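Structural characterization, general
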Amino acid sequence: MAQLSDDCFAFGGPMMSVDEAVGLITTRVNAIADLETVRLTDADGRVLARDVVAPLPLPPFTNSAVDGYAVRDADLPQGVERAFPLDGRIPAGGLAQAPIKPGHTARIFTGAPMPPDAKTVFMQEDVRIDEAGRIVLPPGLKPGANVRPAGEDIPQGRVALPAGQRLRPQHVALAAAFGLTSLDMVRRIRVAVFSTGDELASPGEPRAPSQLFDSNRFMLMAMLRRLGCEVSDLGILRDERTSLASGLKQVAGRHDLILTTGGVSTGEEDHVKAAVESIGSLVLWRMAIKPGRPVAMGIIDGTPLIGLPGNPVASFVTFVHVVRPTVLALAGGLPEPLTPIPLRAAFTYKKKAGRREYVRASLRRAQDGRLEAIKFPREGAGLLSSLVETDGLVELGESITAVEPGQDVGFLPYADLL
Ligand code: AMP
Ligand code: MG
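To start, this report covers the structure provided alongside it.

**Let's talk about the overall build of the protein chain**
Counting secondary structure elements, the protein chain contains seven helices and 29 strands. Among the 418 residues that make up the protein chain, the fraction classed as buried is 50%. Of the contacts formed within the protein chain by residues at least 6 apart in sequence, a portion of 72% connects residues at least 24 apart. Of the roughly 19,100 Å² that the protein chain leaves accessible, carbon and sulfur atoms contribute 52%. Taking the 45 positively charged and 48 negatively charged side chains of the protein chain as two groups, their mean positions are separated by 2 Å.

Okay, here's the thing in C-alpha cells:
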C-alpha cells in the first residue's frame, strides 16, 4: 500500500493555485512499486511498469506500400516510359527469394517483401499494358518510391513505450506488433470510496422525503475505473464524527487511497475534517478554483485521503484537478497535463482575477465553420443536468476577468479528462 508521511499534504498558504496543487501532489505522492504481468488483452488503461524496448524493427522487413510493379534500381525509366516483361509475382506473406531478372518487372502487392536489388514500386494505377502484354512504366519515379523500409516506423532497440505510460489502444497495438503477449504493469491502484451525508440514500434503498439519492459515489467510481483503479464501494457514512472515523480507519492500510465526497466545508455539520483529525492528520486545501470549495487532504495510517466537496459539479471538477493527478502519481504514471483546445466563445462572462474558473459549455459549429462554445444557461454547482447536457469545460485562467463573444478560450472536452 502507499505509505505517505503525515505532513505530506501540509501547505502553508491560505489559497493555492490549481498548478501549485497539482505540483504538490505529483512531488509528494510516492509511486507504488508492485508490478504484475498482465496479458496484452487486459492492458488497456493501465500503467506500464518498465520500458518496452523494440525487440524487432517495424516494419520487420522492407515491403511494398502499394499494389503494383517492382523494378531493379538499375532499370528505373529515365526521361521516357519503358516496357518490361513480367518476371514473378509476390503476394503479401509470400517470399521474394530471387532477384528480378534485369530488364523485367515483378508483380507485387501491398505488404509483400521487396525482392533483392529492387527498392522502387510503381502503383498499378500509374502503369499500362501494351499489345505484347508488357508492363509500361512511366518515367520520373524516384528510387525508393512506394516502399516501406525495415525499421522506418521504429528501429530495433529503441524505447518504444516508456515506463509510466498509461496505455491506450494504440499502445496496445504497438506491443502486439512486437509480438508481445504480456506486459509488466503497475498493479491497479486500490481506492476506497465513501459518500457522506445524512441526506443521502443509496439507489435501491428506500428514500425518505428529505433525502436524495447518492449520485457522486457512482460518478467518482466510474471516473476512477476509467483511470484504471480497482474500486471498493463502501457506501454512505453518516454525518457523525465517530462513525465517520471508524469507517475511514477500517479501510486505511488496505487501500492506496481513500476518497470521500461531502462534509468537507467548515459548517458544523461537516464532520470529515474532525473525523480525519481524530485518527490521522488532515489539512484543508483551499484552491483558487470555481466550482470547487475546499478539498480535504489527509493521511490515515500512511494512506492518503482526499475529501471532495458534495456538490456534484464541484466534486467533478476537483476530481479532475486533485484525484486524477494523485492516482497517476500513485501508479507512477507520466504526468498527463490537460491541454485546453482553443476555440471561440459565444457567451459573455465576468470573473474575479486570481482564480481559475471552469464554465460548462456545449460545442456548436458557427456559420463560418468554426467551433464555438456555448455556456450552459445556469450556474449552480448542484446541477447534474449541466454536466450531462454539455460537452466539456471552458477553462478561464487566473488572469482573465471577462469573456466577450468572439474571444478565443480554451476548451477541455469531457472525453479528454479521463
Ligand atoms: P456538503 O459538501 O456535504 O456540504 O454537500 C453539499 C451539497 O451536495 C448538498 O446539497 C448535498 O446534499 C449534496 N451532496 C453531498 N453529497 C452528495 C452525493 N454523494 N450525491 C449527490 N449530492 C450530494
Ligand atoms: Mg454533507
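**Quick word on the environment of Thr 261**
Note that Thr 261 resides in strand E18 (residues 257-261). Through-space distance from the C-alpha of Thr 261 to that of Val 66 is 57 Å; in sequence the pair is 195 residues apart. Contacts of Thr 261, omitting those with residues within four sequence positions, involve Phe 194, Ser 195, Thr 196, Asn 216, Leu 220, Leu 308, Pro 309, Gly 310 and Ser 315. A distance of 3.1 Å separates a polar side-chain atom of Thr 261 from the backbone oxygen of Pro 309.

**Brief notes about the packing of aromatic side chains**
All told, the structure shown has three aromatic pairs when counted by the stated rule. Ring geometry for Phe 316 against Tyr 414: centres 5.6 Å apart, planes inclined by 85°, an arrangement best described as edge-to-face. Here Phe 316 is found in helix H6 (residues 312-330), whereas its partner Tyr 414 is found in the segment after strand E29 (408-413), with 98 residues between them in sequence. A residue is classified by how much of its surface remains accessible, and Tyr 414, at 17% relative accessible area, is buried.

**Re the pairing of E18**
Burial runs high along E18: five of the five residues are buried. Pairing of strand E14 (residues 190-196) with E18 involves five bridges; the strand directions are parallel. In the sheet register, Val 191 faces E18, and the bridge partner there is Leu 257.

**Section: the pattern of salt bridges**
Applying the stated criterion across every chain yields a total of 29 salt bridges. Across the pair Arg 324 and Glu 336 runs a salt bridge whose closest N-O atoms are separated by 3.8 Å. Remark: Glu 336 occurs in the loop between H6 and strand E23 (341-345) and Arg 324 occurs in helix H6; sequence separation between them is 12 residues. Side by side, Arg 324 and Glu 336 carry an identical accessibility label, which is buried.

**Here's the deal with the sheet that holds strand E9 (residues 128-129)**
With respect to topology, three strands assemble into an open sheet ordered E5-E10-E9, the strand pairing being antiparallel. Single-partner strands in this sheet number two, and they are strand E5 (82-84) and E9. Bridging between E5 and strand E10 (residues 135-137) involves three bridges; their strand directions are antiparallel. When the bridges of E10 are listed, Phe 84 appears paired with Ile 135.

**Here we look at the site of ligand 1**
Around ligand 1, the surrounding shell holds 13 residues, and the nearest of these are Glu 199, Asp 214, Ser 215, Gly 263 and Gly 310. The contact in question runs from an oxygen atom of ligand 1 to an N or O atom on the backbone of Gly 310, over 3.0 Å. Asn 311 has a polar backbone atom sitting 3.2 Å from an oxygen atom of ligand 1. For ligand 1, the protein covers 79% of the area, taking 490 Å² as the surface of the free molecule. Looking at side-chain class alone, the shell around ligand 1 contains two nonpolar, seven polar and four charged residues.

**A short note on the sheet that holds strand E6 (residues 86-90)**
Strand order in the open sheet formed by four strands is E6-E7-E4-E8, and the pairing between neighbours is mixed. The sheet is open, and its two borders are formed by E6 and strand E8 (118-123), each paired with just one other strand. Going across the sheet, the axis of each strand differs from the next one's by a mean of 30°, ignoring polarity. In terms of strand pairing, strand E4 (residues 68-72) meets E8 through five bridges, oriented antiparallel. Bridging across to E8, Tyr 69 finds its partner in Phe 122.

**Details of empty space enclosed by the protein**
Scanning all chains against the criterion turns up one cavity of 30 Å³ or more. Taken together, Gly 45, Arg 46, Val 47, Val 186, Arg 187, Arg 188, Ile 189, Leu 227, Gly 228, Val 327, Leu 328 and Ala 331 make up the full set of residues lining the largest cavity. Its residues assigned to classes, the lining of the largest cavity comprises seven nonpolar, two polar and three charged. For the lining of the largest cavity, the two domains that each supply at least three residues are domain 1 (18-34 + 189-330) and domain 2 (35-55 + 153-186).

**A short note on the side chain of Lys 351**
With respect to the secondary-structure elements, Lys 351 resides in the loop between strand E24 (349-350) and strand E25 (356-365). For Lys 351, which is buried and forms no salt bridge, the nearest opposite charge comes from Glu 357, at a distance of 5.2 Å. A polar side-chain atom of Lys 351 sits 2.7 Å from the main-chain carbonyl oxygen of Arg 355. Of note is the side chain of Lys 351, whose polar atom sits 2.8 Å from the backbone oxygen of Ile 400.

About the thresholds
Residues numbered from 1 in each chain as written. Chains lettered and ligands numbered in written order. Predicted model: local features only at pLDDT ≥ 70, side-chain atom pairs only at ≥ 80, totals over all residues. Heavy atoms only, no water. Helix = DSSP H or I, 4+ residues; strand = E, 2+ residues; numbered from the N terminus. Buried < 20%, exposed > 50% of the residue type's maximum accessible area, 1.4 Å probe, protein only. Contact = heavy atoms within 4.5 Å. Areas by Shrake-Rupley, 256 points an atom, 1.4 Å probe, with all protein chains shown as cover. Lys, Arg positive; Asp, Glu negative; His and termini not counted. Charge placed at Lys NZ, Arg CZ, Asp CG, Glu CD. Polar contact = N/O pair within 3.5 Å; in protein donor to acceptor, adjacent residues only side chain to side chain. Phe/Tyr/Trp six-rings, centres within 6.5 Å; stacked < 30°, edge-to-face > 60°. Pairing = 2+ DSSP bridges. Salt bridge = Lys/Arg side-chain N within 4 Å of Asp/Glu carboxyl O. Near = heavy atom within 4 Å. Nonpolar A, V, L, I, M, F, W, Y, C, P; charged D, E, K, R; others polar. Axes fitted to C-alpha atoms, helices over the stretch in contact; angles between N-to-C directions. 1 Å grid on protein atoms, 1.4 Å probe; cavity = no way out; pocket = protein on both sides within 12 Å on 5 of 7 lines; lining within 4 Å. Points joined across faces, edges and corners; volume = space filled by probe spheres on them. Domains from an automatic or database assignment.

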